[in-house]
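# Reading the structure
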Amino acid sequence: MIIGKPADICPSEITDPEIYRQRRRFIRNASGVLLASMAGMLPDPARAGYGGKPIEGVRPGPFSTSTESLTPYKDIISYNNFYEFGTDKESPARLAGVLKIRPWSVVVEGEVAKPGRYHLEDLLKGQPMEERIYRMRCVEGWSMVIPWVGFPLANLIKRFEPSGNARYVEFQSLYDPKQMPGQRRDVLKWPYVEGLRMDEAMHPLTILAVGLYGEILPNQNGAPLRLVVPWKYGFKGIKSIVKIRFLEQEPLNSWRRAAPHEYGFYANVNPHVSHPRWSQRRERRIGELRKRKTMMFNGYGEQVAHLYQGMDLKKHF
Ligand SMILES: Nc1nc2c(c(=O)[nH]1)N[C@H]1C(S)=C(S)[C@@H](COP(=O)(O)O)O[C@H]1N2
Ligand SMILES: [Mo]
């Protein structure tokens, strides 16, 4: 068994929210972040937007991996891909702190009965805040285990009442070169765009995250709202979302647009289909020395394999 079944998914037997939060804090601190930040090795969390503030009422959610240790907080917030803030792993933590994440709104367009511009607060109202401990794997060959805080994307989608023509969902990140220095260069076509097929978007594993380790997302991890799809490569997890469009046609995601032979639309974690520059057979879990075998669908096959039945995943990579 790789993933807990809904009955044993609880990452902790402790249900009292206060004790639970203390436990989370303990794990986060045990990862060394306090010592590291005192030594001046990390950006001051107070400068990084709202990142680091505790989120109230977080409950253990389903599908959490219970057998793997969490990637230390300091690694999750200091080794990032966020090309809007530079193409190396360290720049986002250094530069994303200035991103203004309040007020924030999300525009909803396309094949829906309720299009419009929604305030972030309204989108979050009434959402169950769940902790989901997911394996995450980047196409570059590294992986992490991240205790996200978020809620099912399906909850939001239902509110917008998509029409029968909505077969795909497209997401767009903020475009603001004044705040995002990486956008002053044409490394990608801006804004960053990603997409899911409707059934992938509605899948209960798919969440919108607002936090990690029980606390508000640091900007470098995609504040205030980012997608998390744990059976797909990291690049699907679009950050700082400002637009959601419901479409009849498959959207053209940024990475496929930039290099169609290297990146597909589906981007399912698949050890049998390698990227031209990086084998996908093995991965380096951040913090470990020996490489691990990469699992089909990142280990979530029991939940998602049926979505791709009859599809040639070498062609639809
Ligand atoms: N807007 C935006 N979203 C993005 C990216 C990006 O460059 N811009 N990088 C992606 C990639 S390649 C990865 S691996 C993950 C990394 O998320 P993390 O930094 O929170 O671990 O974010 C994804 N989302
Ligand atoms: Mo990635």
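Above this text is the structure in question.
The text that follows walks through the structure, step by step, so that each part is easy to find.

### Some points on the site of ligand 1
Residues in close proximity to ligand 1 total 16 residues, the closest being Asn80, Tyr83, Glu84, Ser173 and Lys239. Here a nitrogen atom of ligand 1 and a backbone polar atom of Asn81 are 3.2 Å apart. In the environment of ligand 1, a nitrogen atom lies 2.8 Å from a nitrogen or oxygen atom belonging to the side chain of Ser173. Protein burial of ligand 1: of its 540 Å² of free accessible surface, 96% is covered by the chains.

### A word on the pattern of salt bridges
Going through the model one piece at a time under the given rule, you end up with 20 salt bridges. The closest approach of N and O atoms between Glu250 and Arg256, which form a salt bridge, is 3.1 Å. On the accessibility criterion, Arg256 (19% relative accessible area) is buried. Look at the salt bridges and you will find they share partners, linking Glu68, Arg135, Arg137, Glu283, Arg285, Glu288 and Arg292 into a network.

### As for the pairing of strand 3 (residues 116-119)
In the sheet, strand 2 (residues 105-110) pairs with strand 3 via four bridges, with the strands oriented antiparallel. Looking across to strand 3, one finds that Val108 is bridged to Gly116. Two successive antiparallel strands, strand 2 and strand 3, enclose a turn made up of five residues.

### Details of the side chain of Gln179
By the element assignment, Gln179 lies in the loop between strand 6 (168-173) and strand 7 (193-197). Taking relative accessible area as the criterion, Gln179 reaches 18% and is therefore assigned buried. Of note is the side chain of Gln179, whose polar atom sits 2.8 Å from the side chain of Asp176. Once residues lying within four places of it in the same chain are set aside, the contact partners of Gln179 are Phe85, Val98, Leu99, Lys100 and Leu174.

### Remarks on the pairing of strand 4 (residues 130-137)
Burial within strand 4 is extensive, with eight of its eight residues counted as buried. Side chains Glu130, Arg132, Tyr134 and Met136 of strand 4 all project onto a buried face; the interleaved residues Glu131, Ile133, Arg135 and Arg137 project onto the opposite face, where all are buried too. Strand direction decides the pairing type here: strand 1 (residues 59-60) and strand 4, joined by two bridges, are parallel. Along strand 4, the bridge assignment pairs Arg59 with Glu130. Relative to strand 5 (residues 142-152), strand 4 runs antiparallel, the two sharing eight bridges.

### Considering unusual backbone geometry
For the bond running from Arg102 to Pro103, omega is -10°, close enough to zero to count as cis. You can see Pro103 is positioned in the loop between helix 4 (91-95) and strand 2. Its identity is not glycine, yet Asn298 carries a phi of approximately 60°, on the positive side. Within the fold, Asn298 resides in the loop between strand 13 (292-293) and helix 9 (301-304).

Analysis parameters
Residues numbered from 1 in each chain as written. Chains lettered and ligands numbered in written order. Predicted model: local features only at pLDDT ≥ 70, side-chain atom pairs only at ≥ 80, totals over all residues. Heavy atoms only, no water. Near = heavy atom within 4 Å. Polar contact = N/O pair within 3.5 Å; in protein donor to acceptor, adjacent residues only side chain to side chain. Areas by Shrake-Rupley, 256 points an atom, 1.4 Å probe, with all protein chains shown as cover. Salt bridge = Lys/Arg side-chain N within 4 Å of Asp/Glu carboxyl O. Buried < 20%, exposed > 50% of the residue type's maximum accessible area, 1.4 Å probe, protein only. Pairing = 2+ DSSP bridges. Helix = DSSP H or I, 4+ residues; strand = E, 2+ residues; numbered from the N terminus. Contact = heavy atoms within 4.5 Å.

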